[in-house]
Amino acid sequence: MTDSRNKTGSSSGFNRRDFLRGSGAAAAAAAVQTQAAQAMQDSGPAIVRGSQKIALNINGSQHDVTVEPRTTLLDVLRHQLDLTGAKPVSADGSSGASTVLIDGKPATASTILALTAVGKKIQTIESLGGDNPDPVIQAFVKHDAQQCGFCTPGFVIAVRAFLNKNPNATEAQIREGLNGNICRCGTYANIVQAAVAVVKGA
Ligand code: FES
C-alpha cells in the first residue's frame, strides 16, 4: 500500500515530511551558528576605549603612563618619557630606526601599541649608553659607523640583539642579520665592520 501522506503535493519526489525534516535541520544549524557567533562575541578581543593608565617596564624601571588605545610604544618613549633614541623614521617600521628590545628580541616601537607592551621588558638604546657604553656603541664610534645618525640607535640595538644570539657570527651572517635596518646615508660597510670588531673582541 502506498503511503499517500508522503507523496501529497509532490511531483518531484520532495514531500512535506522531507520539507519538515529539512526545516528542522536548517533551524538546528541556524541555532548552532547563532550560539557560535555569541561565543565568538563573548570570547573575542576586548574593546578598549578612552585613555588608559598603564605601567611599562622600560630599561629596568616601571613607568606609569596614560595612553590611548592608538598610542604607539614609540610615542610613549619619545613624548612621555623623553627617551628619544628610537627614531620615528617609518611608521610601518620598515627602516628599523625605532628598534628596541622587547623581552630581549628586536622590535620596532613604531608598530607596537603601548597597551600591548604591558608586562614586557622593554630595552631602549639609552640603556646601552652611560659612562660605560656597550661595546657595540664603542665599536660604532671607533669604526665611524654613522653619518647623520638617524638610523644609528636602531642599528646599535639590532647589532646588540643579533650578537647576543650569535656571539660568533661571521661577517656574512651579520649582513644577513641586519637586513631589517636601513641606512639612507649608506654606512653599511662601517656598521658591519663595527659588528665584526665586537665579535672579535676588538
Ligand atoms: S647614518 Fe644617516 S641614515 Fe644611517
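Everything quoted here is computed from the prediction, not taken from an experiment.

Definitions and limits used
Residues numbered from 1 in each chain as written. Predicted model: local features only at pLDDT ≥ 70, side-chain atom pairs only at ≥ 80, totals over all residues. Heavy atoms only, no water. Helix = DSSP H or I, 4+ residues; strand = E, 2+ residues; numbered from the N terminus. Buried < 20%, exposed > 50% of the residue type's maximum accessible area, 1.4 Å probe, protein only. Contact = heavy atoms within 4.5 Å. Arc of directions from axis to C-beta. Polar contact = N/O pair within 3.5 Å; in protein donor to acceptor, adjacent residues only side chain to side chain. Pairing = 2+ DSSP bridges. Axes fitted to C-alpha atoms, helices over the stretch in contact; angles between N-to-C directions. Expected span 1.5 Å × (residues − 1). Core = buried A, V, L, I, M, F, W, Y, C linked by side-chain atoms within 4.5 Å.

Asks: Would you explain unusual backbone geometry in this entry?
Replies: For residues other than glycine, phi is negative in most cases, and the peptide bonds are mostly trans. With a phi close to 50°, Asn59 is a non-glycine residue in the positive phi region. When you line up the elements, Asn59 lands in the loop between strand 1 (52-58) and strand 2 (61-67). Its relative accessible area of 27% is what places Asn59 among the partly exposed residues. Non-glycine residue Asp82 carries a positive phi angle of around 60°. Mapping Asp82 onto the fold places it in the loop between helix 2 (73-80) and strand 3 (99-102).

Asks: Sorry, what's going on with the side chain of Thr124 here?
Replies: Relative to the helices and strands, Thr124 is located in the loop between strand 5 (121-123) and helix 3 (135-142). Among all residues touching Thr124, those that are not within four sequence positions of it are Ile58, Asn59, Leu77, Val100 and Ile157.

Asks: Before we go on, may I ask you to explain helix 3 in this structure?
Replies: Given 3.6 residues to a turn, an α-helix orients residues that are three or four positions apart in the same direction. For helix 3, the set of buried residues is Val136, Ala139 and Phe140. Across the axial projection of helix 3, the buried residues extend over an arc of 105°, all falling on one side. Those residues of helix 3 that are exposed and angled more than 90 degrees off the buried face are Val141 and Lys142. The inward-facing, buried residues of helix 3 abut helix 4 (152-165) and helix 6 (188-199). N-cap assignment for helix 3: the residue whose side-chain oxygen lies 2.8 Å from the backbone N of Val136 is Asp134. Looking one or two residues beyond helix 3, the residue adopting positive phi is Asp144, at roughly 50°.

Asks: So what exactly am I meant to see when it comes to the sheet that holds strand 2 here?
Replies: The strands that make up a sheet pair up through hydrogen bonds in the backbone, lying either parallel or antiparallel. The mixed open sheet is built from five strands, whose spatial order is 2-1-5-3-4. Edge positions in the sheet fall to strand 2 and strand 4 (105-108), since each has one partner strand and no second. This sheet shows a mean twist of 45° between the axes of neighbouring strands, independent of strand direction. Bridging between strand 1 and strand 5 involves two bridges; their strand directions are parallel. Bridging from a neighbouring strand, Ile58 pairs with Ile122 of strand 5. Against the sheet, helix 2 touches strand 1, strand 2, strand 3 and strand 5, its axis set at about 105° to strand 2. Along the sheet face, helix 4 touches strand 3, strand 4 and strand 5 and points at about 35° away from the line of strand 3.

Asks: Sorry, what's going on with helix 4 here?
Replies: Its 14 residues place the ends of helix 4 20 Å apart at the C-alpha level, agreeing with the 20 Å of an ideal helix rising 1.5 Å per residue. Taken across its 14 residues, helix 4 has 12 buried, putting it largely inside the fold. On its buried side, helix 4 packs onto strand 3, strand 4, strand 5, helix 3, helix 5 (171-177) and helix 6.

Asks: Hey, could you run me through the side chain of Thr152 in this one?
Replies: Relative to the elements of secondary structure, Thr152 occurs in helix 4. Not counting the four nearest positions on each side in its chain, Thr152 is found in contact with Phe140 and Gln146.

Asks: What should I look at first to understand the nonpolar core in this one?
Replies: One broad trend across soluble globular proteins is that nonpolar side chains are buried collectively. Ranked by internal contacts, the top residues of the largest apolar core, which has 26 residues, are Phe140, Phe155, Val159, Leu163, Ile174 and Leu178. At the level of elements, helix 3, helix 4 and helix 6 are the ones that each hand at least two residues to this core. By residue number, the principal contributor to this core is helix 4, which donates eight residues. When residues no more than four places from it in sequence are discounted, the contact partners of Val159 are Val136, Phe140, Leu178 and Ala195. Residues Ile58, Val65, Ile112 and Ile122 belong to the second largest nonpolar core, which totals 20 residues.

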